[in-house]
Structure formats: C-alpha cells, structure tokens
Amino acid sequence: MSTHLSPAQLEQLCLDIGHWCQELGFQQMGISGIELGEHPEYLKRWLAQGYHGEMDYLERHAELRAEPAQLHPGTLRVISVRMNYLAPEVETIKVLSQPERAYISRYALGRDYHKLIRKRLTELAKRIEAAIGPFGYRAFVDSAPVMERALANQAGLGWVGKNTMVMNRQAGSWFFLGELYTDLPLPLNTEQQKEHCGRCTSCLDLCPTKAFIAPYWLDARKCISYLTIEYKGSIPLELRPLIGNRIFGCDDCQLVCPWNRFARFSPEADFTPRHALDRATLLELFAWDEDTFLRLTEGSPIRRSGYECWQRNLAVALGNAPSNPAIIAAIEQRLPSATPLVAEHLQWALSRQRTQQATL
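All of these numbers come straight from a predicted model, not from anything done at the bench.

Rules of the game
- Residues numbered from 1 in each chain as written.
- Predicted model: local features only at pLDDT ≥ 70, side-chain atom pairs only at ≥ 80, totals over all residues.
- Heavy atoms only, no water.
- Helix = DSSP H or I, 4+ residues; strand = E, 2+ residues; numbered from the N terminus.
- Buried < 20%, exposed > 50% of the residue type's maximum accessible area, 1.4 Å probe, protein only.
- Contact = heavy atoms within 4.5 Å.
- Pairing = 2+ DSSP bridges.
- UniProt positions renumbered as here; feature names shortened; annotations may be inferred.
- Polar contact = N/O pair within 3.5 Å; in protein donor to acceptor, adjacent residues only side chain to side chain.
- Expected span 1.5 Å × (residues − 1).
- Arc of directions from axis to C-beta.

1. Let's talk about the side chain of T75
Item 1. On the secondary structure map, T75 appears in the loop between α4 (68-71) and β2 (77-84).
Item 2. A residue is classified by how much of its surface remains accessible, and T75, at 2% relative accessible area, is buried.
Item 3. Residues in contact with T75, not counting those within four places in the same chain, are I34, P68, A69, Y181 and T182.

Okay, here's the thing in structure tokens:
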C-alpha cells in the first residue's frame, strides 16, 4: 500500500484520477469504501426466493461479493466509473413497433464492452502508478463476483431504481459500469445521489412480461433479457407471445423511464452498431448459419447466447410476427436440421403463422 502519500497528496490524486477518467472516455467516476450496507442482505433474500433462475453463478462466492477485500486482498477503496453506450441515431421504440424487424438490446449492438472498459481501467491504473509508484489494484467489468451497482451507488454515480438499474439524474441509465479495486486510502466520495424514482412506476407497469414482483424486486425467470440471453432451455409458452420481436435482451424498463430523457449519446466508435444489426429483419438474421453467426458476432456480447439460443429466440419472434408466406417457408426449410430445442420453438412459430394465415 502507498502509505507515503499525505492527505493533501491523496486529495490531489483524486482530482487527477477524475481528469484521467475523462481523458479515457469515462463520463463519471466516484470513490467508495468497501462496506456495502444493506445490499448483500438484499441479494441474499433475492437468491433465497429463486428469482435468479438458472444463474447459479450469482450464488457462488457470495462472500466475495459482500467482502471486496476478500476478492482482492488489501482493497481499501473502489474507484467506480461509468461510460455511456447509447449510439446516436439508433432507433429503439420504432423497431419494437415493426414486428418484422429484430430488436437487439442497445448495449449489444457494438463491440463487447468488457474488454474496452477493462483496457481503459488498466490504463487508468498505469497512469496512477506513473504518478505515485507501484500500488495494489485489480480491474473488474461485470465479470467477477462484484456488486457493481451497490458500489456505484456508494460512489455517487446514481441510485438503484425501481427497475433495479443504476439511475443518474444527469444521464439516465444507458451506461456501463466498471471498478478498480485498490489499496490506496483515497478520500471517499461524500456526494451520493438520493433515490429519485418518486411515485413513478412506469418500468414496473410497462414491463412486457410483468417481471417485477414489486419495486426493486425483479423475477429474472420472467425477464426477457434473462430468457433470451442467460436461459438455455425452452421458453415458457405463456411468455413467448409477450416477447414480441426482442431476440437478444430487452430495454423496455429503460425506454419508459423519464430519467432517460437526460441520457447522453456515446462518443465511442466501438459502440456503433455493427453489421447493421440495428436495422436487420428477423428473416435476415434467421438466414444466418452457425458459421455466419460466429463470424459476425466475433467480439460481440451476442456471442453469449450461442447459436442455438439465437435460433430459438428468432423462432419465437417469427411466431409473433404478422403472417408472411416467406416466414412459413423459412421455418419449414430450417425444421429438418434444427436441434430439438430450436425445432420445438419453430413448430410453435409455424403453428402461429399458419393460424394467422387461415384467418386472413
């Protein structure tokens, strides 16, 4: 630990870190301690209810989530940062209103944010090291047992809203989070954003699958993001019609949030949509074979779903699309080679398409 720094030097270092964060493309940074308040107990109760579904990794290493110093020994402070990701001119609600088009969560349209933000955090650490000498640190970006929303809240980056996301009065919620665990005894952030959801319940009321049990309580098993990204099984029949044309993730609880009127577009070129994914039709994406999927999703968050679940999700969306002979033909052509999981969803989609066709 860099014990040679005086309080005045640590204060100056904080100011320098803020400037370096801006230069590295972060829109905000804050510094918190390692006490997480009531957040670990909330997570424990949430897990006990089974609301995490099959995301077993959330149960593993629970003590490391609650105790940052156990995850990275020597940690005294956490530097939390946020980076906007919404690309300019990307349509959102318009795509949802055109059921023949594919809706992909806005965060996943560009390159994978994990490597980009981790690289910037590592660069931040190198700048600190150049200024003060060696110190202990470790960078995290949504890839380890870290309670990043709790830390962001403690660091003053926003409050945890009723939709369980970090909300910021000046930026809404269209941003990524990252953390730098460090052994530096930096001054703590003293300005925390209070909760400003008020009486608003738009995110709860307008969730397509009614996945919110109550304010701040999300049942992931009904969440479209969970169903289309994390879940690898058969999507429940009663939820399929509610998914609409969302094939990877869901942004509805952000789209309806009044605070996102203040969201800022991202200047990061890496977050610009790749391969015209923000304008693609369901049939265009359904035509991808596995090699095409792997090639066009290289370096993309979409890889997380895997090709089989990508096809499963497209099958559901095709079943929700207006009747179209081209859709029926595409499904019939794919069925013989589909895996059992995909075939089940294709049969469901085909039945929906034929039923619509019969009523025309």
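2. Describing the pairing of β2
Item 1. Taken across its eight residues, β2 has eight buried, putting it largely inside the fold.
Item 2. Every second residue of β2 is oriented toward a common face, with R77, I79, V81 and M83 on one face and V78, S80, R82 and N84 on the other, all of them buried.
Item 3. Relative to β2, strand β1 (residues 28-32) runs antiparallel, the two sharing five bridges. Within β2, the position partnered with M29 by the bridge is V81.
Item 4. Where β2 and strand β7 (residues 175-182) come together, eight bridges link them in antiparallel fashion. Looking at the pairing, V81 lines up with G178 of β7.

3. A word on unusual backbone geometry
Item 1. Although it is not a glycine, K210 adopts a positive phi angle of roughly 55°.
Item 2. Examined against the element boundaries, K210 turns out to sit in the loop between α8 (202-205) and β8 (212-214).
Item 3. On the basis of relative accessibility, which here comes to 45%, the residue K210 falls in the partly exposed class.
Item 4. Backbone geometry at Y216 places phi at a positive 75°, although glycine is not the residue there.
Item 5. For Y216, the position within the fold is in the loop between β8 and β9 (217-218).
Item 6. Residue classification places Y216 among the partly exposed residues on the basis of a relative accessible area of 28%.

4. A few points about the UniProt feature "active site" (unreviewed entry) in the protein chain
Item 1. Those places that UniProt annotates as "active site" (unreviewed entry) correspond, in this numbering, to D142.
Item 2. Residue classification places D142 among the partly exposed positions, given a relative accessible area of 43%.
Item 3. Apart from the residues within four sequence positions on either side, D142 is in contact with Y113, H114 and E148.
Item 4. Of the polar contacts made by the side chain of D142, one reaches the side chain of Y113; its length is 2.7 Å.

5. Examining helix α1 (residues 7-23)
Item 1. In a regular helix each residue adds 1.5 Å, so 17 residues correspond to 24 Å; α1 covers 25 Å between its end C-alpha atoms and thus fits that length.
Item 2. Every buried residue belonging to α1 is among L10, L13, C14, I17, G18, W20 and C21, and all of these are buried. Looking straight down α1, one finds its buried side chains confined to an arc of 165°; they lie on one side. Of the residues in α1, the exposed ones pointing more than 90 degrees away from the buried face are A8, L15, Q22 and E23.
Item 3. Tucked into the core, α1 has its buried residues touching β1, β2 and α6 (113-132).
Item 4. After α1 finishes, the residue G25 shows a positive phi value of roughly 95°.

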